[in-house]
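Now for the letters of each chain:
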Amino acid sequence: MYPKQISRNAGKTDITTAAQAAQALQPIAGKFAFLLFSLGIIGTGLLAVPVLAGSAAFAVGESRGWKVGLDYKSWEATGFYSIIGLATLIGVAIDWSPLDPNKALFWSAVINGVVAVPIIAAMMVVISKHSAMDKFTASARF
């Protein structure tokens, strides 16, 4: 026999707010659902923000021929550290914007899926060229 709380929340698929997402944890976490959800969101943010900002800085910096890397001082790799700061500021601006975060996540995943196909195709063309890859050239053999 299921408790009433589980049966009342079962099958809920139209979650649009963080409060509703935290409430969905209530059958498992009980009165600690909001604390658990908050810790999860904060922890995810603390992990994701530096990784996303850093990867953006590496991608832009390497494509522009800048010095990149956290082993450089800020005055030695100004562009690299500027991109990290700019990416962080853009993330904060998005957070403070009126965008629905669930819709933003959905559409970013859709865009990522669409953009990934031509990027992977271009990568396959590049890695099959001996002039670009030398001894690391991909072959048609498996």
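Residues numbered from 1 in each chain as written. Predicted model: local features only at pLDDT ≥ 70, side-chain atom pairs only at ≥ 80, totals over all residues. Heavy atoms only, no water.

Moving on, we get to the overall build of the protein chain. For the protein chain, the count of helices and strands is 7 helices and 0 strands. From first element to last, N terminus to C terminus, the protein chain shows the α and β order α-α-α-α-α-α-α. A fraction of 19% describes how many contacts in the protein chain between residues 6 or more apart in sequence connect residues 24 or more apart. Of the roughly 11500 Å² of accessible surface on the protein chain, 70% is carried by carbon and sulfur atoms. (Helix = DSSP H or I, 4+ residues; strand = E, 2+ residues; numbered from the N terminus. Contact = heavy atoms within 4.5 Å. Areas by Shrake-Rupley, 256 points an atom, 1.4 Å probe, with all protein chains shown as cover.)

Right, let's get into the packing of helix H4 (residues 33-64) against helix H5 (residues 78-96). Running from amino to carboxyl end, H4 crosses H5 at an angle of 135 degrees, the nearest separation of the two axes being 8 Å. Here H4 lies oblique to H5, going by the angle between them. Of the two elements, H4 crosses H5, and the hand of that crossing is right-handed. The segment H4 lies against H5, with Val49, Ala53, Gly54, Ala56, Ala57, Phe58 and Val60 engaging Phe80, Ile83, Ile84, Ala87 and Thr88. (Axes fitted to C-alpha atoms, helices over the stretch in contact; angles between N-to-C directions. Parallel < 35°, antiparallel > 145°, perpendicular 65-115°, else oblique. Left-handed = near helix turned anticlockwise from the far one by under 90°.)

Attention now goes to a nonpolar patch on the surface. Residues Phe106, Trp107, Val110, Ile111, Val114, Val115, Ile119 and Met123 make up a contiguous nonpolar surface patch of about 790 Å² in total accessible area. With respect to the secondary-structure elements, valine 110 resides in helix H6 (residues 101-127). With relative accessibility at 31%, the residue valine 110 sits in the partly exposed group. (Patch = residues over 30% accessible without salt bridge, like charges linked within 9 Å, V, L, I, M, F, W, Y side chains within 5 Å. Salt bridge = Lys/Arg side-chain N within 4 Å of Asp/Glu carboxyl O. Buried < 20%, exposed > 50% of the residue type's maximum accessible area, 1.4 Å probe, protein only.)

On average, residues of the protein chain score 85 in pLDDT, and 89% of them reach the 70 mark or higher. Least confident of the elements in the protein chain is helix H1 (residues 4-9), whose mean pLDDT is 51; most confident is H5, at 91. (pLDDT = per-residue confidence, 0-100.)

To describe a pair of aromatic rings, one takes the distance between the centres and the angle between the planes. Counted by the stated rule, this structure contains 3 aromatic pairs. Consider the rings of phenylalanine 106 and tryptophan 107, whose centres lie 5.1 Å apart with planes at 80 degrees: the pair is edge-to-face. The exposure class of phenylalanine 106 is partly exposed, given its relative accessible area of 49%. In this structure an aromatic cluster arises from ring pairing among Phe58, Phe80 and Tyr81. (Phe/Tyr/Trp six-rings, centres within 6.5 Å; stacked < 30°, edge-to-face > 60°.)

The next thing to look at is unusual backbone geometry. Although it is not a glycine, aspartate 134 sits at a positive phi angle of roughly 55 degrees. Tracing the chain through its elements places aspartate 134 in the segment after helix H7 (130-133).

In this section: the nonpolar core. The biggest cluster of nonpolar side chains holds 7 residues, and these are Ala53, Ala57, Val68, Ala77, Phe80, Ile83 and Ile84. For this core, the element with the highest residue contribution is H5, accounting for 3 residues. Setting aside residues no more than four positions away along its own chain, alanine 57 makes contact with Val68, Phe80, Ile83 and Ile84. (Core = buried A, V, L, I, M, F, W, Y, C linked by side-chain atoms within 4.5 Å.)

Between its first and last C-alpha, H4 extends 46 Å over 32 residues, near the 46 Å set by a 1.5 Å rise per residue. All buried positions along H4 are accounted for by Ala33, Ala53, Gly54, Ala57 and Gly61. Note on H4: the residue one or two positions beyond its end, glycine 65, has a positive phi of about 80 degrees. (Expected span 1.5 Å × (residues − 1).)

For the rest of this paragraph, the subject is H5. Between its first and last C-alpha, H5 extends 27 Å over 19 residues, near the 27 Å set by a 1.5 Å rise per residue. Within H5 the residues assigned to the buried category are Phe80, Ile83 and Ile84. Looking straight down H5, one finds its buried side chains confined to an arc of 100 degrees; they lie on one side. In H5, those exposed residues whose orientation departs by more than 90 degrees from the buried face are Leu89 and Trp96. Tucked inside the fold, the buried residues of H5 contact H4. (Arc of directions from axis to C-beta.)

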